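# Examination of the molecular architecture
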Amino acid sequence: MVKRPFDLLNEAIGREVLVQLKNGMQIRGTLLAFDAHMNLTLDGAEEIEGVETKRKLGKILIRGDTVIFVSPSL
Amino acid sequence: MVKRPFDLLNEAIGREVLVQLKNGMQIRGTLLAFDAHMNLTLDGAEEIEGVETKRKLGKILIRGDTVIFVSPSL
Amino acid sequence: MVKRPFDLLNEAIGREVLVQLKNGMQIRGTLLAFDAHMNLTLDGAEEIEGVETKRKLGKILIRGDTVIFVSPSL
Amino acid sequence: MVKRPFDLLNEAIGREVLVQLKNGMQIRGTLLAFDAHMNLTLDGAEEIEGVETKRKLGKILIRGDTVIFVSPSL
Amino acid sequence: MVKRPFDLLNEAIGREVLVQLKNGMQIRGTLLAFDAHMNLTLDGAEEIEGVETKRKLGKILIRGDTVIFVSPSL
Amino acid sequence: MVKRPFDLLNEAIGREVLVQLKNGMQIRGTLLAFDAHMNLTLDGAEEIEGVETKRKLGKILIRGDTVIFVSPSL
Amino acid sequence: MVKRPFDLLNEAIGREVLVQLKNGMQIRGTLLAFDAHMNLTLDGAEEIEGVETKRKLGKILIRGDTVIFVSPSL
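The paragraphs below set out a description of the structure included in this document. (Residues numbered from 1 in each chain as written. Chains lettered and ligands numbered in written order. Predicted model: local features only at pLDDT ≥ 70, side-chain atom pairs only at ≥ 80, totals over all residues. Heavy atoms only, no water.)

## Looking at the overall build of chain A
If you tally the helices and strands in chain A, you get 1 helix and 5 strands. Against the globule reference of 11 Å for 74 residues, chain A gives a C-alpha radius of gyration of 11 Å, in line with a compact fold. In terms of its C-alpha atoms, chain A occupies a principal-axis envelope of roughly 35 × 20 × 20 Å. Counted over contacts in chain A with a minimum sequence separation of 6, partners at least 24 positions apart contribute 39%. Accessible area of chain A: about 3,300 Å², with a carbon and sulfur share of 50%. The centroid of the 10 positive side-chain charges in chain A is displaced by 3 Å from the centroid of its 10 negative side-chain charges. (Helix = DSSP H or I, 4+ residues; strand = E, 2+ residues; numbered from the N terminus. Rg over C-alpha atoms; globule rule 2.2 N^0.38 Å. Contact = heavy atoms within 4.5 Å. Areas by Shrake-Rupley, 256 points an atom, 1.4 Å probe, with all protein chains shown as cover. Lys, Arg positive; Asp, Glu negative; His and termini not counted. Charge placed at Lys NZ, Arg CZ, Asp CG, Glu CD.)

## Here we look at the environment of Ala45(G)
Residue and element names in this part refer to chain G. Within the secondary structure layout, Ala-45 lies in strand 3 (residues 40-49). Exposure remark for Ala-45: the relative accessible area of 1% places this residue in the buried category. Distance from Ala-45 to Lys-3, taken between C-alpha atoms, is 28 Å for residues 42 residues apart in sequence. Those residues in contact with Ala-45 that lie beyond four places of it in its chain are Ile-27, Arg-28, Gly-29, Arg-55, Lys-56, Leu-57, Gly-58 and Ile-60. (Buried < 20%, exposed > 50% of the residue type's maximum accessible area, 1.4 Å probe, protein only.)

## Points about the pattern of salt bridges
For the structure shown, the criterion picks out 57 salt bridges over all chains. A salt bridge links Glu47(D) to Lys54(D), with the nearest nitrogen and oxygen atoms 3.4 Å apart. (Salt bridge = Lys/Arg side-chain N within 4 Å of Asp/Glu carboxyl O.)

## Here's the deal with the interface of chain E and chain D
The partner chain D presents 23 residues to the 22 residues of chain E that form the contact. Buried area between chain E and chain D, both sides added, is near 1,700 Å², and the carbon and sulfur share of it is 64%. It is Lys59(E), Leu61(E) and Arg63(E) that lose the most area in chain E upon contact with chain D, and together they represent 39% of the buried surface on that side. Inspection of the chain E/chain D interface yields 1 salt bridge. (Buried area = accessible area lost by both parts, 1.4 Å probe.)

## Examining the environment of Asn39(G)
Residue and element names in this part refer to chain G. Note that Asn-39 resides in the loop between strand 2 (26-34) and strand 3. Classification of Asn-39 by relative accessible area gives buried; the value is 5%. With 24 residues separating them in the primary sequence, Asn-39 and Arg-63 have C-alpha atoms 4.8 Å apart. At 2.9 Å, the side chain of Asn-39 and the side chain of Asp-35 are in polar contact. (Polar contact = N/O pair within 3.5 Å; in protein donor to acceptor, adjacent residues only side chain to side chain.)

## A look at the relation of the copies chain B and chain A
Once turned by 51° and shifted 0.0 Å along the axis, chain B lies on chain A with an RMSD of 0.0 Å. With a heterologous cut-off of 20% or less, the 5% of interface residues of chain B that recur at the interface of chain A puts this contact in the heterologous class. (Least-squares fit on C-alpha atoms with pLDDT ≥ 70 in both.)

## Remarks on the pairing of strand 4 (residues 52-62) of chain E
When strand 5 (residues 67-72) of chain D meets strand 4 of chain E, the two strands line up antiparallel, connected through 2 bridges. Within strand 4 of chain E, the residue paired with Phe69(D) across the bridge is Ile62(E). Sheet analysis places strand 3 (residues 40-49) of chain E next to strand 4 of chain E, joined by 8 bridges and oriented antiparallel. The residue bridging Glu46(E) from the neighbouring strand is Lys56(E), located in strand 4 of chain E. What sits between the antiparallel neighbours strand 3 of chain E and strand 4 of chain E is a turn of 2 residues, in which Gly50(E) has the positive phi angle 65°. (Pairing = 2+ DSSP bridges.)

## Digging into unusual backbone geometry
Peptide bonds are trans in most cases, and residues, glycine excluded, mostly fall at negative phi. Positive phi values are uncommon outside glycine, yet Met38(B) reaches one of about 70°. When its relative accessible area of 1% is taken as the criterion, Met38(B) is described as buried.

## As for the interface of chain B and chain A
Counting from both sides, the interface comprises 22 residues of chain B and, opposite them, 23 residues of chain A. Taken over both partners, the interface formed by chain B and chain A buries close to 1,700 Å², and the fraction arising from carbon and sulfur atoms is 64%. Of all residues in chain B, the largest losses of buried area upon contact with chain A belong to Lys59(B), Leu61(B) and Arg63(B), amounting jointly to 38% of the total for that side. The tally of links from chain B across to chain A stands at 1 salt bridge. Among the salt bridges present, the one from Asp65(B) reaches Lys22(A), with a minimum N-O distance of 3.1 Å. Counting across the chain B and chain A interface gives 10 residue pairs in polar contact (both at pLDDT 80 or more). When the residues that make up the side of chain B that touches chain A are grouped by side-chain class, the tally is 11 nonpolar, 5 polar and 6 charged. (Nonpolar A, V, L, I, M, F, W, Y, C, P; charged D, E, K, R; others polar.)

## Focus: the packing of aromatic side chains
All names here are of chain D. Counted under the stated rule, the structure contains 7 aromatic pairs over all chains. Centroid distance Phe-6 to Phe-34: 6.2 Å. Interplanar angle 35°. Geometry classified as tilted. Remark: Phe-34 occurs in strand 2 (residues 26-34) and Phe-6 occurs in the segment before helix 1 (7-12); sequence separation between them is 28 residues. Overall, the relative accessible area of 16% leaves Phe-6 in the buried class. Phe-34 sits in the buried class, given a relative accessible area of 18%. (Phe/Tyr/Trp six-rings, centres within 6.5 Å; stacked < 30°, edge-to-face > 60°.)

## Brief notes about the side chain of Gln20(D)
With respect to the secondary-structure elements, Gln20(D) resides in strand 1 (residues 16-21). Taking the relative accessible area as the measure of exposure, Gln20(D) reaches 6% and is therefore buried. Setting aside chain neighbours within four positions, we find Gln20(D) in contact with Met25(D), Gln26(D), Thr66(D), Val67(D), Ile68(D), Phe69(D), Met25(E) and Arg55(E).

## Some details on the arrangement of the chains
In this structure chain B stays clear of chain F, and the shortest span between their C-alpha atoms is 15 Å. One thing to see here is that chain E and chain F don't touch, and their nearest C-alpha atoms sit 15 Å from each other.

## So, the pairing of strand 3 (residues 40-49) of chain D
Across a regular strand the side chains alternate sides, sitting on one face of the sheet and then on the other. Residues and elements named next belong to chain D. Inspection of the sheet shows strand 2 paired to strand 3 by 7 bridges, in the antiparallel sense. When the bridges of strand 3 are listed, Thr-30 appears paired with Asp-43. Two successive antiparallel strands, strand 2 and strand 3, enclose a turn made up of 5 residues, where Met-38 displays a positive phi of approximately 70°.

## Details of the side chain of Asp7(B)
Here Asp7(B) is to be found in helix 1 (residues 7-12). A polar contact is formed between the side chain of Asp7(B) and the backbone nitrogen of Lys3(B), at a distance of 3.0 Å.

In structure tokens:
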């Protein structure tokens, strides 16, 4: 059960997440790590547009202050 | 009774809320958790436009600094 | 008499206020609570445009860093 | 004489000031109070455009981080 | 000689400076005071456009976080 | 293995990285150093557009708060 | 050798640097001083556009939070 907002990220380690960024980009990938600033490391990251892959990015570090929301895949 | 602004979030745990974001997006879902930065976890979240569902998001963590307001459903 | 800027909010508790937001939205409602970050809880909140009500919002928590100004109703 | 920037606000208490905001709005009114974040309370505030009054606002609390400059009336 | 960036402001006290602001405005005036946040007080301030005076502002307090650069007049 | 988000930068020292910036620019170069604010020093940096080099920049210091993401080359 | 990002600025003292700003401006000049906020003092500063000088600025203090990157001249 989620008690604090970041618990959702703890539960999502090793799973696929969707990250919506403030500049409108959407990134999908496997969550490897996060910290208290919401900095995120993803593996197998892809920039997506709707259901299409726009760009393969591999491992990336996303800066937390660019994030709007993070959602583990349905 | 509300004494401090965040009391409203305390009262809204487990209830449906509308979250207006700075990029113009509106998210509706059940409030699971929040913290002092206004980071929010919602369950059954949906991006909405007016009264229509635009995208189903499931569980999401919304970054607090992207929030304009949070309103428990009427 | 107002000695510190936030005294105006203290005096406005329980009264109607107009809140101008950075994204251009204007919210009117009864001030229930505020804190040092200018987070505000309003009751009976409405998004307004000029003198017209655009959307009824009920109780809302407005994030302080989205506020331009707060004005108790004339 | 002004030694620190905020001395200008001290001298302006009770006098009319012009406040230029980051969203392009200009507010004129009598300075009642300020704090270290440049939060300002004005009395008899008016939104102005050039030399014309656009909207009467009465007493308002302006959030400091929306201010570009404050100028006591010439 | 300049050892720290703010030494330039120290040397410029009582002299004319050009201040470029983030919203595109340029202000010219005599530097009266500054602080560690780069808040600036100018005397005889004028908003300029190229070499023309657009608006006379008199004494003003400019909020530091709106500044791009400050340059003592050549 | 990555445990904390910044571990990815540690592993990338001496390797080529792609840096996506908030203003839309993309910089590619060899990561020389980084700090806790995500300030980055690159060697042989180039501004790129798609797969083309737009501008050679040599050694650069990128300010961390302008970064969206950093990705070691695939 | 560069160990920390700011070492690049240390090495660049007294040399010509290119500073890319968030508002799109580019400034070239001799680096006189910097601090931990990336505030920079330049001598003989010029606003440039491509390879052309647009405006001579002389000595300037650039506010660190407006910087995208700093690059010592090639």
